[in-house]
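The chain contents come next:
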Amino acid sequence: MYLSQVRNFLPYSRLGLMNIQNRCYEKVALKTTKSQEMENSKASMQSVGLTPKQIEMFPTAKVHIPMALTSREPIILPFDEVPGPKSLKYISNFRQYLSVIGTQITVGVLTMMLNVGTYVNAKKPLKNLSALFDEYGPVVRFVSPVGGDIVLINHPEHIQKVYAMEGSYPVRSNLDSLEKYRAEHRNQIYGGTFTAFGEEWHRQREVVVAPLHESVSKHMGGINEVCENFTLKIFNIRNYQDEITDNLYKEIYKWSFDCMGLILFSKKFTMLNTEVVYSQCDMSWLYHSLEKATDAIIKCESGLQFWKLLPTPTWSSLVKYCDSLDNLIGKYVLEAEQSVGVQLKNMRSNVSDESFALENNSLVNAMLVGENKMSAEDIATVIMDMLLIGVNTITSSMSFLLYHIAKYQRAQKILFSEIDKVGGDLNISNMSAIIEQTPYLQACIKESLRLVPPIPVLTRILPKNITIDRFNIPRGTLIIMSTQDASLKEGNYDDASVFYPERWLKGDAKEYHAFASIPFGFGARKCLGQNIAETMLSLLTIRILQKFKLEYHYGDIGSTRSFISRPTKALKIRFVDRI
Ligand code: HEM
């Protein structure tokens, strides 16, 4: 009670989280001092010659002494005591108008609300999430205007604690826009592996893990070809300053799309060689729809979500392009289903094990057969999630990797000498051998993902009550783990903002907290595409550095804070021929 009253008068920033805890200890110290004073006064009475009986006659003032807490008994503060921005309270006035909005609010909305709040309040400058931690401490609570509260954390130990209790069926906050689209336009409740939950999520994950892994190994040669294609294209489209005048990000997007085409569909998309994106061909239209659907999802997820109430232009665009993604992927899956049907008919007389019979087929084929086979419709949804997440995260991570290598010339020199040494001996079909041969490259990838994780925040809905930093957080609370803040925090890494791959190498490596940088997440819902990402990033970097020296001569490039981060500026990297 006492604390909450003090909090009403002092701004959180001045009181500070530490102060709240310190005050609890001060109270304990005060109580201990009072009991000591009584003992001292008894002793002093004895010292002046008073007998115990006489002391009874002159009792010291009666002090009610509650049981003193020892330092071993942790002080658990109620949920109400978790500090957080007050400006949101203005927004909560609109609760009745926003009741249609669900409880799972994305970070983008929170940031937006916070900013609206600060505008309403005092026209203060815009804030981002890391500013919240500076102001309120490592645990920040948002009193949600629409129901379930949200707690934001960024300490590696706290992130670890949340993962440790996530259980067998962890639930993350969904992409509400995709969920709404699927529920209203496709009559689907669950969605694909990224968005599904409960047993359906578990079933999908079980079915997809092994064939996805196999598909990557099977297409190593094809992925390498796409990487060589990319370097050739860069060579051809550079301007006189050796830069890509148009849009390097877009070319990386096409490379990523072509690689994912091989892995997910066993198809050569060749988008890198296609200039007319809007052409009638399915592949171009799939690419175009993916780009547009991604833009629409990012926009819907990072702003006030008016699309939940009205069909805004962004919402209409989302529906249009998700429809076309669904139809094109669905068409491919149906074709695969028919062809598998024919194959099985021919084989059934000889072979009993269906999965064995189709072992050389695509990822989709593998999901169509076997004990846990999925329906064509479910497969299309799973593939759509993977295409959306996969292409966008890989494009983001490859863009920032090239930027860091171009900017940090010292690291590039070391990296080039490693690649140059193993260059001729690379066995393209054996990824684990490549990883072993290129420790510095792997450290560069890790370091770039630390600086800019493509998914900058991860979420879980608490399955049980938990204590974080002495605060009781109830079950059902949406926890937003700001993993990018953790990986950029000076206390977690020395020179945290500097690209320093050596920090991951044996010998130079320090004992960093395992949860200070988790670009692929952790636990039961960890990323399914980590080895795809490592393969693609490694192969393209090798091929690029064999051909070009990278340079960057412009201002620093930051990352957007959207659902999947992107560069805030054009990537004007120079690709200078190695002579
Ligand atoms: C550098 C590239 C990538 C990064 C940084 C990345 C990161 C992540 C992260 C942080 C998560 C959430 C983990 C969690 O909640 O604990 C995730 C989930 C997921 N990722 Fe990736 N990802 C990448 C590439 C890919 C690719 C290429 C695919 C394509 C197959 C993919 C498919 C998935 C799927 C299906 C999930 C959901 C897993 C589940 O909920 O069970 N990711 N990814």
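Reading the values: the criteria
Residues numbered from 1 in each chain as written. Predicted model: local features only at pLDDT ≥ 70, side-chain atom pairs only at ≥ 80, totals over all residues. Helix = DSSP H or I, 4+ residues; strand = E, 2+ residues; numbered from the N terminus. Buried ≥ 20, exposed ≤ 12 C-beta atoms within 10 Å, placed from the backbone. Contact = placed C-beta atoms within 7 Å. Near = placed C-beta within 6 Å. Nonpolar A, V, L, I, M, F, W, Y, C, P; charged D, E, K, R; others polar. Pairing = 2+ DSSP bridges. Axes fitted to C-alpha atoms, helices over the stretch in contact; angles between N-to-C directions. Parallel < 35°, antiparallel > 145°, perpendicular 65-115°, else oblique. Left-handed = near helix turned anticlockwise from the far one by under 90°. UniProt positions renumbered as here; feature names shortened; annotations may be inferred.

A. Structural detail: the overall build of the chain. Counting its secondary structure elements, the chain contains 22 helices and eight strands. A buried classification covers 40% of the 579 residues belonging to the chain. In the chain, once contacts between residues fewer than 6 apart in sequence are set aside, the share between residues at least 24 apart is 73%.

B. Expanded view of the site of the ligand. The local shell around the ligand holds 27 residues, among which G390, G521, C527, G529 and A533 are the closest. Of all the elements in the fold, those that place two or more residues in the shell around the ligand are helix 10 (198–218), helix 17 (376–407) and helix 22 (530–547). Ranked by residue count, the leading element in the shell around the ligand is helix 17, at seven residues. Across the shell around the ligand, the residue classes break down as 16 nonpolar, six polar and five charged.

C. Quick look at the sheet that holds strand 1 (residues 139–142). If you walk across this open sheet you meet the four strands as 1-2-6-3, and the pairing is mixed. Of all strands in the sheet, those bounded by a partner on one side alone are strand 1 and strand 3 (458–461). Ignoring strand direction, the axes of neighbouring strands in this sheet form an average angle of 20 degrees. Pairing of strand 3 with strand 6 (residues 478–481) involves four bridges; the strand directions are antiparallel. Paired with I461 across the bridge in strand 6 is L478. Each of strand 2 (150–153), strand 3 and strand 6 touches helix 8 (residues 156–164); the most contacted strand, strand 6, lies at about 135 degrees to it.

D. Region of the structure containing the packing of helix 14 (residues 313–347) against helix 17. Interaxial distance between helix 14 and helix 17 falls to 9 Å at its minimum, and their mutual angle equals 130 degrees. Considering their axes alone, helix 14 and helix 17 lie oblique with respect to each other. Every pair of crossing elements has a handedness; the one defined by helix 14 and helix 17 is right-handed. Counted together, L325, D326, I329, G330, V333, L334 and E337 of helix 14 and A376, I379, A380, I383 and M384 of helix 17 form the full contact between these two elements. Here the residues of the contact of helix 14 with helix 17 are counted per class, giving nine nonpolar, one polar and two charged.

E. Up close: the UniProt feature "binding site: heme" (unreviewed entry) in the chain. The residues that UniProt annotates with the feature "binding site: heme" (unreviewed entry) are C527. Given 19 C-beta atoms within 10 Å, C527 falls into the partly exposed group. Sequence-distant contacts of C527, defined by excluding residues within four places in its chain, comprise F520 and G521.

F. Inspection of helix 9 (residues 176–185) at higher detail. Along helix 9, the residues classified as buried are D176, S177, L178, Y181 and R182. Along its buried surface, helix 9 packs onto helix 13 (282–301) and helix 14. Two residues or fewer past helix 9, N187 is found with a positive phi of approximately 55 degrees.

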